[in-house]
Every structure is written in C-alpha cells, then in structure tokens.
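# Tertiary structure, described
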Amino acid sequence: MGVRVTGKLTDFIRHRKEDFQDYLGGGVVARIAGVVVGVYFLAALVFGWYWSSEPELVDVNQYAEQKAKELGRERVTGFTTTETLIMLMETLLDKKGGYVSNDIFPPGLWLDNITSWEFGVLVQVRDLARVFRKELSRSQSQSVEDKDLTIAEPQFHFDNNSWALPATESEYRRGVKAMQSYLVRLSDPTKNDAQFYARADNLRAWLSEVENRLGSLSRQLSESVGRQQLDMGLAGDVNAEQSTMTLSTEETKTPWLKVDDVFYEARGSAWALIHILKAVEHDFNSVLVNKNALVSLQQIIIELEATQDAVWSPMILNGSGFGFLANHSITMSSYISRASAAITDLRSLLQQG
C-alpha cells in the first residue's frame, strides 16, 4: 500500500515537474521573442532618424568638371545640366537609407517626411526630363526625338511607390543609364546625333514648368492655416465657360496630418531646383548675359537657398499667421512665392529681344 502511494506521488511530482519545465521553456521563448522585437524597433528608430537626414547641397560645376575628366571629355554646352539631372537621381537612389518611398517595412514605412522630400525632388527631375525630350534636345518641332531621352523620360515617370515586379529603383536606374548614354554621345566630338540647344525659348519652356510647380506648392503651404479662396477660373474673359458650376467662395485648408508632408515636398523641390538653376546658369550663360537676366536667375537661387536652412524644431509647427507659435509652412511659402515671382520676371526678360 505504501509502495503504491509512493509511486503515485512520484508520478504526480514528475508530471508537475514536466509541466513546470514546459512553462519555463515557453516563457523563455516569449521573452527572447520580446527582446528581439524590442531590439528591432529600437534599431528601426535609430536608422529612421539617420535615414531622415537630407543630403547636402552639391557644387554642380565642380561635380560636372570632375565627371568630364573621368570621361575624358570637354564640358560642352548642356553637359552640366545633363550631369546635374543624373546626379539628382543618383542621390535620390543612393543617399542614406537609399530610396525609401516604396519601403513596406519599418523604418522606411514610418518615414513620411523624407518620402515627401523624395517626391519633391522627383517632380523636378520629371519636369526637366520632359523638357529635355521635347525642347532642349530638338532644333525644331519637326525634328526627331533623341533615342536615349525617349527612354529616360518615361522611366522617371514610373510609379514612385512600387516595391517589386518591378521595383521603382530598377526603373529609375534604367532612366539614369539612358541619360548617361545621352551624355556620352553629347560630349563626343566625333558625333553630332545628340544635341543640347541653349536657347532662350527652351529655357522659358522649362521655367514655365517650374513656375507652375512653385505656384502650386506656395498655395498648399499658405493653406496650412486655412484661407478664403475666390473662384478665379473665368476671370478676365467674359465668354469663358467651365464644365461644372463651383462655389464663388470657399475656404481651403491643408489637412493637419498633411502639413509636414507639403512642407518637406517643397523643401525637396527647392533642393533640386537650386542645383538645376546653377547648372542652367553655366550652360545658358551667354543667353542670360545677352538678355541682361543673369542677376535675376541668381536672385532666384538665393531665395531658394533660404528654404534649406536647418529646421530646429522637432516637428513642423502650424501656428496661426500672427499667433504665438511659429508657422513653418508660411515661412516656406514666402520664399517659394518670391522665387516664383522672380521666375515670372525672368521669363519676361527672356522673351524680350
């Protein structure tokens, strides 16, 4: 009897011991998993902060001169502007953290500010690539499009959020490769099948694109605090018509969660424009001097450089126009608006004989 009781007690203790060991084992796994997840999210926060840093401004003339030496070529007309476009795309793809707009995992998934900055740069590259294909590389409207630019321009318009099949980066790199091919042919003194026409009308065509982009950005920035907007769609033409009726007055306001996105898109757009304008200053120098417009272009660059000052606040503030807190969007809008107005004046100067 005593042996039977003792045996049952031994079995009970053994089973409870096994259950306890299983419990401990499960707890260890859970703790290890928790530590791994915690370390991952901590690393994601650190890398996210690092990836969110914006690239510094580059001396495009020095950069283009170095690239010309590497190719063993002269800096012919258009070389600097072409190489600047390539540099902008390569920076977009190879900066800290690479291209993050299409990331589907942390930390890239969380980084809306740098992705908005990337989109601002991308829009300026797309506009310039379009003008390259339609205007800068063609002598007249009936001339044939450049074979490399017909590849590059649509590649830069590929979906900026595609993660795979195909990935955005691979499509953009194909566009960069086509631009590099165009640059090699452009700077080859033994060939004339690639051209860059630094004419006033071509420059005006690109500046028209820039003016429209900056006007849109300036309005979105100023709408951070809400504003009354009159319907100006038919102003100036008594016979003008529109598709559907709209309110004569409406209040427009950028959604609160989109204020920082618009700010960083404008900041990225201005960053790209500074480089392009400095390249234009070199390639179109004779045109600008002849039109007495060089100082106007330099003033636009100065206005845009002010948009790249360090943001010391940990977040983009959205105080009222004359309120206690700052409004970073309104400050950015003032620089963008002044640059846009200066571009309007520059286009007028280029149109004059």
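Going by the structure above, here's the rest.
So, how was this worked out
Residues numbered from 1 in each chain as written. Predicted model: local features only at pLDDT ≥ 70, side-chain atom pairs only at ≥ 80, totals over all residues. Heavy atoms only, no water. Helix = DSSP H or I, 4+ residues; strand = E, 2+ residues; numbered from the N terminus. Contact = heavy atoms within 4.5 Å. Areas by Shrake-Rupley, 256 points an atom, 1.4 Å probe, with all protein chains shown as cover. Phe/Tyr/Trp six-rings, centres within 6.5 Å; stacked < 30°, edge-to-face > 60°. Buried < 20%, exposed > 50% of the residue type's maximum accessible area, 1.4 Å probe, protein only. Core = buried A, V, L, I, M, F, W, Y, C linked by side-chain atoms within 4.5 Å. Salt bridge = Lys/Arg side-chain N within 4 Å of Asp/Glu carboxyl O. Polar contact = N/O pair within 3.5 Å; in protein donor to acceptor, adjacent residues only side chain to side chain. Expected span 1.5 Å × (residues − 1). Axes fitted to C-alpha atoms, helices over the stretch in contact; angles between N-to-C directions. Parallel < 35°, antiparallel > 145°, perpendicular 65-115°, else oblique. Left-handed = near helix turned anticlockwise from the far one by under 90°. Nonpolar A, V, L, I, M, F, W, Y, C, P; charged D, E, K, R; others polar.

### A few points about the overall build of the chain
Helices and strands together make up the secondary structure of the chain, namely 11 helices and 2 strands. Moving toward the C terminus, one meets the helices and strands of the chain in the order α-α-α-α-α-α-α-β-β-α-α-α-α. The contacts in the chain between residues at least 6 apart in sequence include a share of 75% that link residues at least 24 apart. Within the structure as shown, the chain displays about 19,600 Å² of accessible surface, and the carbon and sulfur contribution to it stands at 57%.

### Observations regarding the packing of aromatic side chains
What describes a pair of aromatic rings is the distance from one ring centre to the other and the angle between the planes of the rings. Here the structure, examined in full by the defined rule, presents 7 aromatic pairs. Judged by centre distance (5.2 Å) and plane angle (80°), the ring pair of phenylalanine 263 and tyrosine 264 falls under edge-to-face. The class for phenylalanine 263 is buried, based on a relative accessible area of 4%.

### Some words on the nonpolar core
Nonpolar side chains tend to gather and get buried jointly when the protein is soluble and globular. Formed by 75 residues in total, the largest nonpolar core has its most connected members in Phe156, Trp206 and Leu304. Counting residues per element, this core draws most heavily on helix α8 (residues 259–283), which supplies 14 residues. Once you skip the residues sitting within four places of it in the chain, phenylalanine 156 turns out to touch Leu85, Met89, Leu122, Val125, Arg126, Ala129, Tyr172, Gly175, Val176 and Met179.

### A closer look at the pattern of salt bridges
Going through the model one piece at a time under the given rule, you end up with 18 salt bridges. Among the ionic pairs, arginine 130 bridges to aspartate 127, the shortest N-O distance being 3.0 Å. Taken together, the positions of arginine 130 and aspartate 127, both in helix α4 (residues 112–136) and 3 residues apart, correspond to about one turn of that helix. On the basis of relative accessible area, aspartate 127 is assigned to the buried category, the value being 0%. Aspartate 148 serves as the salt-bridge partner of arginine 185, at 3.0 Å between the closest nitrogen and oxygen. On the criterion of sequence distance, the pair formed by arginine 185 in helix α6 (residues 168–186) and aspartate 148 in the loop between α4 and α5 (149–156) is long-range, its members being 37 residues apart. According to the relative accessible area criterion, arginine 185 is buried, its value standing at 7%. Residues joined by salt bridges that share partners form a network here, namely Asp127, Arg130, Glu209 and Arg213.

### Let's talk about the environment of arginine 199
Tracing the backbone shows arginine 199 in the loop between α6 and α7 (200–222). Arginine 199 gets classed as partly exposed once you look at its relative accessible area, which sits at 28%. For the pair arginine 199 and serine 139, spaced 60 residues apart in sequence, the C-alpha to C-alpha distance is 9.7 Å. The contacts of arginine 199, once residues within four sequence positions are left out, are Arg138, Ser139, Phe284 and Val287. Of the polar contacts made by the side chain of arginine 199, one reaches the side chain of aspartate 201; its length is 3.0 Å.

### Describing α8
End to end, α8 covers 36 Å across 25 residues, agreeing with the expected 36 Å (1.5 Å per residue, within 8%). Burial of α8 is extensive: 22 of the 25 residues sit out of reach of the surface.

### Some thoughts on the packing of helix α3 (residues 79–94) against α8
Pairs of packed helices are described in terms of their axes, by the angle between the two and the distance that separates them. Taken N-terminus to C-terminus, the directions of α3 and α8 make an angle of 165°; their axes are 8 Å apart at the nearest point. In terms of axis orientation, α3 runs roughly antiparallel to α8. The hand of the α3/α8 crossing is right-handed. Contacts between α3 and α8 involve Phe79, Thr80, Thr81, Thr84, Met87, Leu88 and Thr91 from the former and Trp271, Ala272, His275, Ile276, Ala279, Val280, His282 and Asp283 from the latter.

### Some points on the packing of α3 against α4
Closest axis-to-axis distance for the α3/α4 pair is 10 Å, and the angle between their directions is 150°. Classified by the angle their axes make, α3 and α4 are roughly antiparallel. In the packing of α3 onto α4, the handedness of the crossing is left-handed. Only Trp117, Glu118, Val121, Leu122, Val125, Leu128, Ala129 and Phe132 of α4 make contact with α3, whose side of the interface consists of Thr81, Thr82, Leu85, Leu88, Met89 and Leu92. Across the contact of α3 with α4, the residue classes tally to 11 nonpolar, 2 polar and 1 charged.

### Quick notes on the side chain of arginine 185
In this structure the side chain of arginine 185 is engaged in a polar contact, spanning 2.7 Å, whose partner is the side chain of aspartate 146. If near-sequence neighbours (up to four positions away) are discounted, arginine 185 is found in contact with Asp146, Lys147, Asp148, Asp193 and Ala194.

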